[in-house]
Each structure stands twice: as C-alpha cells, then as structure tokens.
Amino acid sequence: MSTIDKPDRLGPDRLDMPRIGLADPREADERRSWLADYFNPVEAVDTAAPVSDEVKYTTCYMCACRCGIKVHIKDGDIRFIEGNKRHPVNRGVICGKGSAGIMTQHSPAKLRKPLLRVGERGKGEFREIEWEEALGMVADRLTRIRQTDPRKLAFFTGRDQSQSLTGFWAAQFGTPNFAAHGGFCSVNMAAAGMYTMGGAFWEFGEPDWERTRYFLMFGVAEDHDSNPIKIGLAHLKNHGAKFVSVNPVKTGYSAIADEWIGITPGTDGLFVMALIHELIKAERIDLEFLVRYTNATWLVVQNPGGADDGLFARDESGAPLAWDKDKQSAVDARDTGFSPSLVGEVTLPDGRRAVPVFHTIAARYLEPEYAPEAVAGKCGIDAATIRRIAAEIAHTAFEEPLVIDQPWTDWAGYRHEKMVGRPVAMHAMRGISAHSNGFQTCRAIHVLQILLGTIDVPGGWRYKSPYPRQTPPGPKPAGKLEQIQPGKPLPGVPLGYPMGPEDLLVHPDGKPVRIDKAYSWDAPIAAHGLMQMVITNAWKGDPYPIDTLFMYMANMAWNSSMNTKSVMEMLTDRDPATGEYKIPFFVYADAYASETVAFADLVLPDTTYLERWDCISLLDRPIGGAEGPGDSIRQPVIKPNRDVRPFQDVLIDLGARLGLPAFTKPDGTAKFPGGYPDYIVNHERKPGIGPLAGFRGEDGKSVGKGAPNPRQLEMYIENQCFWKHELPLEQQYFKHSNKAYLDSAVAMGLLDTPEPIIMQLYVEPLQKFRLAAEGHGAVQPPADKRERVRKHFDPLPIWYAPLEEQATETATYPLHAITQRPMPMYHSWGTQNAWLRQIYARNRLYVNRRTGEGLGLADDDWAWVTSPHGRIKVQVKLMEGTSTNTVWTWNAIGKRRGAWALKTDAPEGNQGFLLNHLISEVLPGTGDGTPNADPITGQAAWYDVMVRIEKAAPEEFGETSPMFDPQPLPPNVQPAPDTLRYGALFRAERRRNRP
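Since this is a predicted model, take the numbers as computed values, not measurements. Per-chain numbering applies: the sequence of each chain, read as written, is numbered from 1 onward. Restriction of local features to residues with pLDDT of at least 70 applies here, the model being predicted, together with a cutoff of 80 or more for giving and counting side-chain atom pairs; totals for whole chains, interfaces and linings are based on all residues. Computation of side-chain values: all heavy atoms of the structure, hydrogens and water removed.

(A) Local environment of the overall build of the chain. On a plain count of helices and strands, the chain comes out with 27 helices and 34 strands. Each principal axis of the C-alpha distribution contributes one length, and for the chain these read about 110 × 75 × 70 Å. The buried label applies to any residue whose accessible area, calculated with a 1.4 Å probe on protein chains only, is under 20% of its type's maximum; exposed applies above 50%, and partly exposed to all values in between. Residues classed as buried in the chain amount to 64% of the 995 residues present. For the chain, restricting intrachain contacts to residue pairs at least 6 apart in sequence, the fraction spanning at least 24 positions comes to 70%. Throughout, the Shrake-Rupley method with a 1.4 Å probe supplies accessible areas, and for residues the shown protein chains are the sole cover considered. Summing over all exposed atoms, the chain offers an accessible surface of approximately 35,400 Å²; the carbon and sulfur share of this is 50%. Only runs of H or I of at least four residues qualify as helices and only runs of E of at least two qualify as strands under DSSP, and these elements are numbered from the N terminus. Residues count as neighbours in contact if any of their non-hydrogen atoms are within 4.5 Å of one another.

Structure below.
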C-alpha cells in the first residue's frame with residue numbers, strides 16, 4: 001500500500017490513499033472510496049428547503065436602529081430572522097443582535113405575571129397577582145395623587161421608543177415629572193444641534209455617505225446606528241473617501257478608519273476649535289454659505305455690563321439687524337439684495353456699538369490659545385497632525401466641490417442652476433455627549449461644518465426628514481408652577497426648548513419645580529430631562545418628596561445609574577422617624593427579570609418586541625432619511641405564552657381608568673378600547689397629525705397629514721410594516737432654504753410655516769441666561785448658581801476641562817476611564833441572550849500596553865481601580881489601540897448574580913463588572929447636590945471620571961468586586977438550563993422527515 005500523506009496535503013487533484021481494488025477516487029462520486037469521502041466530504045444542501053410556514057414583517061428592537069426584519073415562523077414559533085431588503089434603514093443588512101432576537105424571545109428571564117412585593121424591598125420576594133388587582137392598585141394610587149398634587153408622580157421611561165405616547169400621557173396626567181433615557185444618553189447631541197441648525201447627529205441627520213470624500217467621526221462606538229453606519233462606511237470605502245476617526249479607543253469603526261486619532265477624553269472641542277483657528281487663518285471659509293443661510297451677518301450689541309450686551313440688535317418689529325456696507329446703515333438681516341458686512345464694529349442709530357456674528361467668531365478663534373501648538377498637549381495630538389487635518393479638510397471642501405446638475409429655488413425666490421456642495425461630512429455620538437462639556441463641544445463641531453458650508457449640501461452632512469426644524473423648534477417645556485393643577489392636564493408637553501430664563505420651571509426663589517431639577521438653574525436647557533437624578537432627589541426629598549415612582553424599562557438598580565450601590569441603598573432606605581420607605585411606592589414595568597425588578601413594590605410584566613404592536617413615529621424617533629420622511633410599526637408576530645400585556649396597552653388602560661381627557665370619551669368610557677393599535681390609528685395630536693404619517697386619509701392616499709384611516713395598520717403590514725416618502729431630487733438638499741421642500745414640509749405637517757431655517761452660529765438664548773447670571777432680568781439664578789451659569793452659557797462654543805476632572809486631584813487619579821458598548825450588545829438586554837453571551841460573557845479593563853507594563857500589569861492580571869467615589873476589582877487586558885492616559889471597558893456586560901435568570905456562577909456576575917461603581921451622580925466638592933452633568937443640558941457626565949490602577953495581590957485574583965448577594969428569581973421564572981438549546985425540535989423533525 002502507498003503511504004497516506006498528511007490530511008492538509010490532500011485535495012481533489014492529489015489523493016495518496018490505499019487503492020484496495022477500487023477505481024480512481026477522482027472519478028464519479030458513486031465510485032469514491034470511503035477515505036476520499038472522509039477527507040473531501042460532499043454535503044448536499046437544499047437551498048430551497050422551506051424553513052417556515054409563515055413569514056411576517058416587523059421592526060427589530062435589539063438596538064435603537066429600528067431595522068426592518070422578516071421573521072420566519074413555523075408551528076407558531078420563530079424559526080429564523082433576516083433583514084428586510086426593502087426597508088430604508090438597513091436595506092436587508094442584519095447584525096448579530098438582530099438575528100439573535102430569537103434567543104431574546106426565548107430568554108428564561110421573561111416575566112410571566114404581575115408581581116406584588118411581600119418581603120423587604122430589594123430582596124426580590126413577590127407573589128403573583130391578577131392584572132385587575134394590579135391595575136386597580138395603580139389606578140387608586142394615581143387617582144389620589146392626581147386629585148391632590150400631580151407632581152407626586154415621577155414617571156420616567158428608558159429606551160422604550162414610544163415617548164410620543166408616554167410623554168403625552170404624563171402631560172394628560174398633569175405631572176411635570178416625566179423624561180426618558182435621553183438625559184443620560186445624548187441630550188447634548190440633540191440640544192446642541194437643535195439650537196444651532198434645527199437638526200443634529202444620530203436620529204436627526206446623517207452624512208451624505210455616497211458622495212462625501214472626507215469623513216470625520218467623533219466618539220462613536222459600534223452600537224449606535226450600527227447597520228446604517230456599516231452600510232455608509234462601505235460606501236466610503238468603495239469610492240475612496242478618507243475616513244478619520246477621533247476616539248480614545250481604536251475598536252470597531254475606528255479600527256477600519258484610514259486614520260485613527262487617539263484623543264484625550266473630553267478634549268474633542270479643543271481639537272475642533274484648533275481646526276477652526278487654522279481654517280479662519282487660512283481664509284478657507286465658505287462666506288457665501290454664511291451670508292445666505294446663517295446668522296453670521298447679524299449684529300451683536302457690544303455693551304459690557306449692560307442688560308443688552310451680547311444680544312442681537314433688532315428693529316422696532318423685533319427683526320435682527322445686519323449692516324449694509326454700501327448704504328452704511330442697519331437693515332433687516334433677513335432681507336436679500338444688500339451688501340452685508342461680516343466684520344468690523346459699527347454704530348447703530350441709537351448710538352450703541354455692534355459687530356457682526358462672524359466678527360465675534362474670528363476674534364475668538366484666531367486667539368493664540370486655539371493654535372495647534374497651544375492645544376496639542378491637552379488633546380494628545382501633535383500640532384503637525386492638527387494642521388495637516390485642517391489642510392486636508394480645506395482642500396477637499398474648496399478644491400474638490402461636488403456639483404449635481406439639478407436646479408432649485410431658494411426661499412427668497414432665487415433660482416440656482418446647480419446644487420453645489422463641499423464633500424466633507426462629520427458624525428458624533430456619546431464619546432462627545434457624555435462629557436460635562438459635551439454641549440459646547442458638539443456646538444463646535446456644528447460651527448466647523450457651517451463655516452465650511454457642509455450642511456445639507458451634496459457630499460456634506462444632511463438633515464434626516466422630518467428635520468430641519470426651526471432653531472430651536474419649540475415647544476417650550478410645560479410645567480410652570482401655575483400650570484400644575486389637581487385633576488387637570490398640563491397645557492403642553494413636559495419636555496421642550498427654553499428660549500430664555502423666563503421659560504424655566506422654577507419657583508420665584510429659584511427652587512426647581514421638577515423632581516429631577518430639569519429646566520432649573522442646575523440644567524436650564526435639559527431638553528430630555530435628568531433621569532439619572534430622579535432616585536437621588538426623590539430619596540433626599542429635594543426639592544420635595546414624591547409618592548410614587550413609576551418606571552418602564554429603565555434598569556436604574558444596575559447599569560443605568562451612575563453609582564449603582566448608592567442607588568440600591570436609596571431604593572431600600574427607610575425614614576427612621578416613620579419606618580416607611582423614603583420613596584414610598586415603586587411601580588416597575590419590564591419584560592425581563594432585570595436587577596431593578598427586585599426593588600419594585602409592583603411589577604407589571606411587559607411583552608417582548610415580537611409579541612406587540614409598536615409605533616416608530618415622526619412625533620418621536622422616526623426612521624426618515626435624507627431622501628424623505630418615514631416611519632414604521634411593529635406587529636405581533638407570535639402570541640405570548642405568559643400572562644403579560646404590552647406596556648403601551650397598560651398605559652392607555654390606566655389613562656381611561658384615571659379619566660384622563662385624551663383617553664376617555666365625554667361619557668367617561670375608554671376612547672381607545674382597542675389599546676395601542678386603536679390609539680395609533682385614531683389618535684390625533686392636532687387635526688390630521690397622528691402617530692403614523694403614512695397611508696393617512698380615509699382612502700389611505702394622504703401623505704403625512706390627513707384624517708385617520710381605519711385600514712392604516714393593514715396597509716403598513718401590506719407594505720412590510722414601514723412607510724417611506726421619497727422626496728424629488730429638487731428637494732433633497734438645502735432643505736433649510738429650499739422653497740419646494742419647505743412648501744412640501746408644510747403640506748405634510750412637518751413644519752408649521754415655510755420660513756427658512758437660519759443656522760445659529762451664535763446662540764442668543766445662551767446669552768440671555770448668562771445675562772441673568774450677571775444680574776439682569778426678572779428671572780435670575782440663586783447666588784450659588786450664578787458663576788456656573790455665567791461661565792458656561794457662552795453663545796459661541798467654548799472649551800473647559802470636564803467638571804469632575806477639574807475637581808479631582810489628577811496626580812492621584814491620572815487616568816481617564818470610559819465605557820463603550822460592543823456591537824453585539826445593547827444596554828442590559830444582550831447578556832441574557834444565549835447566542836450573544838458566547839461572544840461577550842465577561843468584560844475586561846483595557847489598558848494601553850505601555851501604561852500597563854509601567855504599572856507592572858500583564859494580560860489577565862487582576863487589578864484594583866479606584867476613583868474618588870469607589871473601588872472595583874477587575875481583570876486587565878493590555879492593548880495598543882487606546883490612548884496612554886485612557887482605560888476603558890465594554891458597558892453593561894457585568895450583571896448582578898442571579899439577575900436575568902443567569903446562574904449564580906455565570907461569568908457575567910463573577911468576572912463581569914461595571915465602571916458605574918466609580919462614578920457619582922453628584923459633582924464632587926459642591927456640597928449642594930449639583931449634578932455631575934453638563935451644566936447647560938444636564939447630560940450625565942459618564943465619561944468624566946478619573947481613576948488610578950494598582951495590581952491586586954495574587955490571592956485576590958479570580959473574582960470581581962464589589963459583589964452583591966445573589967438576586968432570587970421571581971415566581972415561576974425558571975433558572976436557565978445548563979444548555980439552552982434552540983432548534984433541536986426543528987432538527988429532530990428534519991431527521992424524521994428525511995427520506
């Protein structure tokens with residue numbers, strides 16, 4: 001017999017094997033030897049085999065992208081999930097999270113029935129009750145609150161994607177104490193954009209992926225907008241655009257960037273201002289864009305110490321003034337046909353001095369403190385790199401303009417024969433917003449874009465319809481003291497955009513009206529509220545005690561609190577004088593046995609996203625793109641096998657039980673007896689405007705605006721559960737000034753008037769707050785808040801070191817600590833998923849290799865990480881792709897033992913950890929409970945914490961710290977099996993049916 005070679009040398013053209021009297025193994029399959037089959041198996045795959053007996057379309061909920069999915073169902077269960085190729089968000093792309101939705105649906109952690117606490121709060125001891133008892137209990141309590149003081153209800157929701165309903169419900173109840181997760185997610189991003197240009201990053205806008213030639217990305221981790229960004233980055237790569245990622249950590253998107261800038265956390269704004277310095281100095285500014293579309297020409301009063309200092313000069317009608325160089329006189333800045341001045345001091349007819357906005361910009365950013373050499377050390381970027389990037393941006397913008405042969409007419413009636421753009425685009429997310437200087441940093445990025453003329457132009461950053469809105473768009477927040485009346489709704493919505501101190505929700509003495517102190521002098525422009533402060537303030541009774549805390553899908557007893565241990569203690573703390581809990585009653589709604597469930601008095605079990613109706617609405621967080629508005633629905637694709645109800649149905653039911661006007665008919669009966677789908681179809685926020693913009697009107701042919709359509713949901717299902725309106729090319733760019741677009745936006749109900757959106761390089765409302773801090777106006781901050789407001793409310797972007805960093809002894813705590821979310825995980829949900837857990841079942845603290853080795857650390861060592869607020873023990877991993885002064889980890893991997901139906905020996909609970917234990921929701925050194933947050937918006941400053949690292953002793957290796965007692969499972973929630981299988985029955989059936 002011949003010798004058999006090693007298997008790795010065998011192939012179809014060479015098989016040295018025993019002949020044993022058979023034909024050559026390279027001949028027909030039926031004559032192959034068993035040994036040839038062994039080394040070269042031939043597997044027959046039936047690519048047309050049926051995998052399901054039914055397919056339903058819906059919208060994914062495994063992250064915030066809201067991708068379209070096709071769910072294959074067999075025998076009433078989910079067989080397979082794939083992307084919907086027609087859907088405008090993902091175009092068929094599906095990520096690991098989306099396809100693994102099967103295992104989130106099959107999670108053992110699903111709650112099964114309403115639960116009432118029977119033991120001590122926090123012990124997780126409950127008994128099951130019926131829905132009627134649960135809803136009656138809530139309704140009785142809330143009725144009493146509403147009839148006495150609606151503020152005693154604090155209603156806060158997490159990443160629920162139904163805030164147009166929850167916020168409206170809170171307003172109908174009459175409480176100002178409502179917000180969602182945005183205050184600790186991205187309110188800096190939203191507010192900065194809306195006050196600057198009527199749009200923002202993330203859900204409000206996107207790069208022109210197919211046309212941009214230079215792309216700058218700031219602080220974006222892999223979990224945000226992941227499928228659209230992946231699709232977009234593929235376009236960039238395919239057409240040769242340059243991609244620069246500015247991020248302290250080189251993972252995910254940064255790893256495929258053409259250039260990674262490992263910036264020092266919290267210094268992005270300083271870096272951007274250095275770019276602005278270089279561009280202005282080189283005169284690489286789009287002056288025509290500034291004159292046409294921004295307030296660059298508006299005159300700013302120069303009257304130091306006066307009540308009008310820094311405000312716009314206006315005529316008797318209130319119109320802003322500009323200076324006509326030819327006539328040497330002040331004119332209405334919104335007029336056309338005059339020769340505007342961009343620089344130089346002028347004297348107004350009343351004798352006051354004024355300068356144009358652009359003059360203030362040039363005067364500030366040409367200062368030496370913004371030169372590359374001055375900022376390089378703080379940013380961790382050498383000056384030559386800063387100058388080079390500025391030069392590359394300028395070259396792309398001004399030497400490589402992008403032209404589309406499409407005529408369009410602007411709001412003033414001027415016809416443009418072509419659409420001309422500067423092909424430079426930018427995007428930013430939590431790496432910017434989660435710092436206490438994030439609002440001004442994000443403003444700086446927008447100002448950079450505007451100076452280059454790259455807003456809603458070919459190749460630039462584009463508004464995602466229904467944006468742009470006016471700057472800011474309104475409404476103002478409702479909830480002034482006189483607007484809160486027992487038994488009555490608020491006259492508006494609890495969240496909005498203040499235009500000045502007169503719009504704050506404060507008592508005459510400056511005391512906050514809201515429990516989270518949003519729209520007070522702690523956070524005047526808290527457009528999304530301060531969810532991270534609710535439990536702390538309610539526990540303190542500051543500014544007043546509450547009666548009931550009502551939360552939905554907000555894991556505040558674990559990864560959604562800035563200091564997890566202290567929040568758990570607050571939820572269980574009792575008043576020593578009465579023996580009662582300081583937060584008297586806590587109602588929590590969720591689909592899963594999260595860490596927070598154990599701290600509730602009453603648990604309302606929710607459905608999963610595959611078991612309910614949902615509405616991704618233009619009134620809330622739409623799925624529109626730059627080519628036109630869009631929205632979508634979720635439909636139930638399977639039936640729950642538990643006694644659970646969709647939270648939206650529960651809220652509508654409670655609205656009827658409480659007699660809230662919008663949820664009851666004049667005779668007192670329920671207005672939406674069919675629950676949330678009934679509400680989606682028939683509710684009108686104002687005439688013709690409802691939760692869904694597609695298929696409106698009785699015949700379903702109206703776009704955006706029209707009477708309710710009784711077949712609306714059916715028509716969405718027929719269209720694969722989404723609606724998208726495609727704008728003609730004439731309307732797809734320059735939306736802020738495009739007459740055809742503005743007119744169509746009014747017709748669709750997206751805008752109230754066809755007025756142009758004027759981009760605000762200089763934000764006057766910020767100056768109004770600063771003037772109040774200087775002693776002007778009827779509404780002024782208390783003495784202890786004046787300097788905080790005066791310093792930070794600059795109408796032009798400024799940079800200051802993160803507030804906690806300023807209050808920390810950096811010689812003792814020299815390292816910045818930040819978190820990111822991995823692409824396969826999102827919030828707490830991912831690590832209950834049996835498939836996704838196989839990717840990340842634990843996390844490590846990643847340390848720059850040179851830094852770690854200098855501390856005596858090696859891979860897999862255990863170390864103590866200490867901040868001024870706490871100490872944790874973690875396992876370390878060294879890497880090159882992080883800044884030398886930065887440590888980081890994946891967020892929300894660590895779990896409390898026993899939560900989410902994980903076994904008590906699961907790695908998530910024993911080796912996984914949270915940085916939250918190192919952070920405080922209160923700014924250190926203030927002594928008055930000032931939020932550890934952006935002083936303008938109240939955005940939680942998750943990324944400001946400073947730490948030190950010390951190697952743990954060998955006997956301390958093996959387990960994370962702090963460690964908490966295991967959390968018991970709720971009634972009838974079974975622990976996960978040793979092996980959680982999916983598809984075994986399908987395989988068994990396939991074997992049985994095999995011929």
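Don't stop here, the text continues.
(B) How the structure looks around the environment of Trp461. Here Trp461 lies in strand E22 (residues 461-463). Expressed as a C-alpha distance, the spacing of Trp461 and Ala626, which sit 165 residues apart in the sequence, is 9.4 Å.

(C) Just the packing of helix H6 (residues 187-197) against helix H15 (residues 438-452), in detail. For the pair H6 and H15, interaxial distance at closest approach is 8 Å and the crossing angle is 45 degrees. Relative to H15, the element H6 lies oblique. Relative to H15, H6 is oriented so that their crossing is right-handed. Note on element contacts: H15 touches H6 through Gly438, Phe439, Cys442, Arg443, His446, Gln449 and Ile450, opposite Asn188, Met189, Ala191, Ala192, Gly193, Thr196 and Met197. Classification used: nonpolar for Ala, Val, Leu, Ile, Met, Phe, Trp, Tyr, Cys and Pro, charged for Asp, Glu, Lys and Arg, polar for all others including Gly. Here the contact of H6 with H15 is composed, by residue class, of 7 nonpolar, 6 polar and 1 charged. In this analysis, axes come from line fits to C-alpha atoms, helices being fitted only over the stretch in contact, and the angle between any two N-to-C directions falls in the range 0 to 180 degrees. Each angle is binned into one of four classes, with values under 35 degrees roughly parallel, values over 145 roughly antiparallel, values of 65 to 115 roughly perpendicular, and all other values oblique. Crossings are classed by handedness, with left-handed meaning an anticlockwise turn of the near helix from the far one by less than a right angle and right-handed meaning a clockwise turn.

(D) Spotlight on the packing of aromatic side chains. When two rings of Phe, Tyr or Trp (its six-membered ring) have centres within 6.5 Å they constitute a pair, described as stacked for plane angles under 30 degrees, edge-to-face for angles over 60, and tilted for the intermediate range. Tallying each qualifying case throughout the model produces 35 aromatic pairs. Pairing Tyr293 with Phe734 gives two aromatic rings, centres 6.0 Å apart and planes at 45 degrees, and the pair type is tilted. Taken together, the residues span a long stretch of sequence, with Tyr293 in helix H10 (residues 287-293) and Phe734 in the loop between strand E28 (722-724) and helix H21 (739-747) at a distance of 441 residues. Taken as a pair, Tyr293 and Phe734 share a single burial class, namely buried. Three or more aromatic residues link up through ring pairs in this structure, and these residues are Phe155, Trp169, Phe173, Phe178, Phe550, Tyr552 and Phe647.

(E) Examining the sheet that holds strand E33 (residues 886-890) more closely. The sheet built from 6 strands closes into a barrel, its strands ordered E29-E33-E30-E32-E31-E34 with mixed pairing. Strand-to-strand twist of the sheet, defined as the mean angle between neighbouring strand axes without regard to direction, takes the value 45 degrees. The pairing criterion for strands is at least two bridges between them, as found by DSSP. Where strand E31 (residues 862-866) lies against strand E34 (residues 946-951), 4 bridges are found, and the strand directions are antiparallel. From the neighbouring strand, Val865 faces E34, where its bridge partner is Ile949.

(F) Spotlight on the sheet that holds strand E16 (residues 353-356). Taking strand neighbours across the sheet as the criterion, the 3 strands line up as E12-E16-E15 in an open arrangement whose pairing is antiparallel. Only two strands of the sheet have a single partner each, and these edge strands are strand E12 (299-302) and strand E15 (346-347). Here E15 pairs with E16 via 2 bridges, running antiparallel. Pairing of Val346 across the sheet is with Ala354, part of E16. In the packing of helix H11 (residues 357-365) onto the sheet, the strands contacted are E12 and E16, and the crossing angle to E16 comes to about 80 degrees.

(G) Region of interest: the side chain of Asp268. Its location among the elements puts Asp268 in helix H9 (residues 268-281). The positive count covers Lys and Arg only, the negative count covers Asp and Glu only, and His and the chain ends enter neither. In the sections that follow, a salt bridge refers to a side-chain nitrogen of Lys or Arg positioned within 4 Å of a carboxyl oxygen of Asp or Glu. Look at Asp268: it is buried, it has no salt bridge, and the nearest opposite charge is Arg430 at 13 Å. Residue contacts for Asp268: discarding those within four places in its chain leaves Phe218, Val246, Ile263, Gly431, Ile432 and Thr441.

(H) Inspection of H6 at higher detail. With respect to burial, H6 is a largely interior element, 11 of its 11 residues being buried. A positive phi of about 75 degrees marks Gly198, the residue just after H6.

(I) Spatial organisation of the pairing of strand E30 (residues 845-848). Side chains Leu845 and Val847 project from E30 onto one buried face, and the interleaved Tyr846 and Asn848 project onto a second face that is buried too. Two elements, E30 and strand E32 (residues 871-879), share 4 bridges in a ladder whose sense is parallel. Of the residues in E32, the one forming a bridge with Val847 is Leu878. As paired elements, E30 and E33 share 2 bridges and run antiparallel to each other. For Tyr846, the partnering residue across the bridge sits in E33 and is Trp888.

(J) Looking closely at the confidence of the model for the chain. Every residue carries a pLDDT, the predictor's confidence in it, which falls somewhere between 0 and 100. Here the chain averages 93 in pLDDT, while 95% of its residues score no lower than 70. A low-confidence stretch, residues 1-31 (pLDDT under 50), is modelled with 35 contacts involving residues beyond four sequence positions or located in other chains.

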